[in-house]
Amino acid sequence: MYTAHPDRYADMPYRRTGRSGLKLPALSLGLWHNFGPDRPVETQRAILRRAFDLGVTHFDLANNYGPPPGSAESALGEALKADFAPYRDELVISTKAGYLMWPGPYGEWGSRKYLLSSLDQSLTRMGLDYVDVFYSHRPDPETPLEETMGALHAAVRQGKALYVGVSNYSPEQTREAARILAELGTPLLIHQPRYSMLDRRPETSGLLDTLDELQVGSIAYSPLEQGLLTGRYLDGIPEDSRAASDSPFLNSDAVTEELVGKLRDLDEIAKSRGQSLAQMALAWVLREGRVTSALVGASSPRQVEDSVSAIGNLDFGSDELTRIDKIVTR
């Protein structure tokens with residue numbers, strides 16, 4: 001029987017999510033990859049246990065995470081039953097719906113039918129009565145935003161979600177979503193954008209400014225840019241890497257000689273900070289406190305430990321930030 005570490009809250013910083021009462025750990029665990037039938041169950045459970053022992057209280061999922069779709073939620077459900085039943089109230093569990101989950105016209109996007117049906121399926125897979133956060137995973141260009149936000153509001157009213165969020169929404173869409181939800185009486189808690197040293201769109205699009213103005217939290221996904229910022233690509237493309245497999249999320253064409261040169265220069269800055277490139281990349285996303293939490297994936301407990309070590313140095317000097325900017329934008 002798993003017993004959580006008694007000092008699990010000693011070191012992890014917890015940040016208030018927007019203007020809500022909910023605090024999230026600076027680092028959250030994303031179950032996008034590594035939680036499916038192709039991974040040993042004991043490894044999956046060991047990752048979750050180690051994360052919680054280190055103060056990572058937030059597990060983030062979506063209906064289609066796996067592969068195959070749904071398997072990450074099923075894996076978490078088994079782990080909750082086996083290890084975390086006594087700790088449910090210490091956990092923040094989130095899931096999403098928006099991308100393709102089942103065939104036909106009701107299996108994706110943002111209709112009320114799809115979102116609420118998907119949430120019911122997610123709760124069944126995880127063996128839960130409710131999730132802490134339910135997201136619209138992407139905006140639907142054909143469904144009125146009032147319907148999509150109304151479905152999120154309904155999930156809260158039905159007791160199936162405590163809070164709601166959006167992901168991959170533009171600043172304008174986010175502002176309108178927040179307005180609709182406020183009128184319904186269910187505040188927008190959080191936005192989940194893609195954000196890293198190599199992907200500055202939340203800054204350049206004005207999204208972070210919008211979230212600051214609205215007092216909405218943010219949680220960054222892909223802060224390590226699909227593994228490019230882990231240090232694995234400092235000498236090119238490893239044979240067993242994601243880029244070598246020409247994943248739809250990262251292909252070999254993206255790993256250019258110019259990019260490798262940038263990664264090596266960024267790695268030198270990380271070394272001068274006493275960090276790995278991955279740890280510096282996570283610290284960079286969390287700098288200044290504008291981002292509530294950064295999502296990390298892991299294929300082993302050791303990877304969780306390495307990521308959590310980033311919280312030991314979240315401060316940057318102005319000269320470091322200037323050097324990083326020059327490297328990334330050159």
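Because the structure is predicted, anything quoted here is derived from the model rather than measured. (Residues numbered from 1 in each chain as written. Predicted model: local features only at pLDDT ≥ 70, side-chain atom pairs only at ≥ 80, totals over all residues. Heavy atoms only, no water.)

**Q** Tell me what's going on with the pairing of strand S8 (residues 188-192), and back it up with residues and numbers.
**A** With 5 of 5 residues buried, S8 is to be regarded as a mostly interior element. Of the strand pairs in this sheet, strand S7 (residues 161-167) and S8 are connected by 4 bridges, and their pairing is parallel. Bridge pairing in S8 places Ser 167 opposite Gln 192. The pairing of S8 with strand S9 (residues 217-220) spans 2 bridges and is classified as parallel. Looking at the pairing, His 191 lines up with Ser 218 of S9. (Buried < 20%, exposed > 50% of the residue type's maximum accessible area, 1.4 Å probe, protein only. Helix = DSSP H or I, 4+ residues; strand = E, 2+ residues; numbered from the N terminus. Pairing = 2+ DSSP bridges.)

**Q** I'd love a proper account of the packing of helix H8 (residues 257-272) against helix H11 (residues 318-329), names of residues and values included.
**A** It is the contact of H8 with H11, at a shortest axis distance of 9 Å, that shows an interaxial angle of 170°. Classified by the angle their axes make, H8 and H11 are roughly antiparallel. Where H8 abuts H11, its residues Lys 262, Asp 265, Leu 266 and Ile 269 lie against Arg 323, Ile 324, Ile 327 and Val 328. (Axes fitted to C-alpha atoms, helices over the stretch in contact; angles between N-to-C directions. Parallel < 35°, antiparallel > 145°, perpendicular 65-115°, else oblique. Contact = heavy atoms within 4.5 Å.)

**Q** How would you explain the pairing of S7 if you had to name every residue and give the values?
**A** Counting buried positions along S7 gives 5 out of 7 residues, so the element sits mostly inside the fold. Inspection of the sheet shows strand S6 (residues 131-136) paired to S7 by 5 bridges, in the parallel sense. Looking across to S7, one finds that Phe 134 is bridged to Val 164. Once the chain exits S6 it traverses helix H4 (residues 145-157) before rejoining the sheet at S7, and the crossover so formed is right-handed. The parallel pair S7 and S8, bridged by helix H5 (residues 171-184), forms a crossover whose chirality is right-handed. (Right-handed = clockwise from strand over helix to strand, strands pointing away.)

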